[in-house]
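# A structural walkthrough
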Amino acid sequence: MAAAQAGDRRAYERVLASSLSLIRSVARRQGVPVDSIDDVVQETLLTVHRVRHTYDPTRSFDAWLAAIASRRAIDALRSQGRRGRREVHDEFALDQHPDRDDASAEGEREQQALRLRDAIAELPPGQREAVEQLGLKEQTLAEAAALTGRNTGALKVNLHRALKALRGRMHGEP
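Residues numbered from 1 in each chain as written. Predicted model: local features only at pLDDT ≥ 70, side-chain atom pairs only at ≥ 80, totals over all residues. Heavy atoms only, no water.

Under an unreviewed UniProt entry, the name given to the protein is Sigma-70 family RNA polymerase sigma factor, and the organism recorded is Rhodanobacter glycinis. What UniProt records for the protein under Sequence similarities (unreviewed entry) is the sentence "Belongs to the sigma-70 factor family. ECF subfamily." (UniProt positions renumbered as here; feature names shortened; annotations may be inferred.)

Below, the structure is given as structure tokens:
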């Protein structure tokens with residue numbers, strides 16, 4: 001590096017080429033993901049180019065380079081952390097947040113609603129009544145008991161059994 005500071009271009013090229021493995025190992029040690037290591041290498045080499053005049057030839061070049069590489073690795077991790085909180089990955093976005101106007105999503109919702117209606121219709125009368133009164137019409141236990149003539153305990157048991165049966169049918173269980 002001292003020769004590179006003095007203007008020896010070939011020495012500078014050799015220094016940069018021989019620095020790559022040290023920079024990569026520092027980045028890996030810092031926990032930089034494999035797909036971002038090359039970015040850290042590039043940023044470190046650019047920083048070395050900008051601050052090469054600060055290198056003291058009486059000190060260890062590897063320690064100087066490792067300190068720069070460590071800082072660039074930390075910068076990359078911080079950047080990924082900030083970006084990770086703001087960005088949504090394509091697969092996640094499509095699976096979790098379909099377009100409201102998406103015809104396939106609307107069709108899927110209609111199919112699920114139809115399956116649910118069919119599953120409710122297949123329930124025994126007491127369970128179906130509990131689902132309709134407590135779940136669909138959102139009545140209180142007291143209101144549903146007054147309308148159906150059943151006590152609140154029976155309605156709770158019927159609702160619990162109905163929901164368990166519906167979950168099984170909706171998730172493909174017999």
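Of the residues in the protein, 84% reach a pLDDT of 70 or more, and the chain-wide mean stands at 84. Ranking the helices and strands of the protein by mean pLDDT puts helix H3 (residues 37–51) first, with 93, and helix H5 (residues 90–96) last, with 56. (pLDDT = per-residue confidence, 0-100. Helix = DSSP H or I, 4+ residues; strand = E, 2+ residues; numbered from the N terminus.)

Turning our eyes to something else, we now look at the packing of helix H2 (residues 9–30) against H3. Interhelical geometry of H2 versus H3 gives an angle of 135° and a closest axis separation of 9 Å. Looking at the two axes, H2 sits oblique to H3. Judged by the twist between their axes, the crossing of H2 over H3 is right-handed. In contact with Tyr12, Leu16, Leu20, Ile23, Arg24, Ala27 and Arg28 of H2, H3 contributes Ile37, Asp38, Val40, Val41, Thr44, Leu45, Val48 and His49. For the contact of H2 with H3, the residue count by class is 10 nonpolar, two polar and three charged. (Axes fitted to C-alpha atoms, helices over the stretch in contact; angles between N-to-C directions. Parallel < 35°, antiparallel > 145°, perpendicular 65-115°, else oblique. Left-handed = near helix turned anticlockwise from the far one by under 90°. Contact = heavy atoms within 4.5 Å. Nonpolar A, V, L, I, M, F, W, Y, C, P; charged D, E, K, R; others polar.)

This part is about the packing of helix H7 (residues 125–136) against helix H9 (residues 152–170). Helix packing for two helices is described by the angle between their axes and how far apart those axes are. Remark: H7 packs on H9, axes separated minimally by 8 Å, with the N-to-C direction vectors making an angle of 95°. Regarding the angle of H7 to H9, the classification is roughly perpendicular. Contact with H7, carried on its side by Gly126, Gln127, Ala130, Val131 and Leu134, involves Leu155, Asn158, Leu159, Arg161, Ala162 and Leu166 of H9 and no other residues of that element. Classifying every residue of the contact of H7 with H9 by side-chain character gives seven nonpolar, three polar and one charged.

So, on to helix H8 (residues 141–148). Taken residue by residue, H8 has Ala144, Ala145 and Thr148 as its buried positions. Projected onto a plane normal to the axis of H8, the buried residues spread over an arc of 100° and lie on a single side. Exposed positions of H8 whose direction lies more than 90 degrees from the buried face are Ala142, Ala146 and Leu147. Looking at the packing, one finds that the buried side of H8 touches H7 and H9. Remark: glycine 149 follows H8 within two positions and exhibits a positive phi of approximately 80°. (Buried < 20%, exposed > 50% of the residue type's maximum accessible area, 1.4 Å probe, protein only. Arc of directions from axis to C-beta.)

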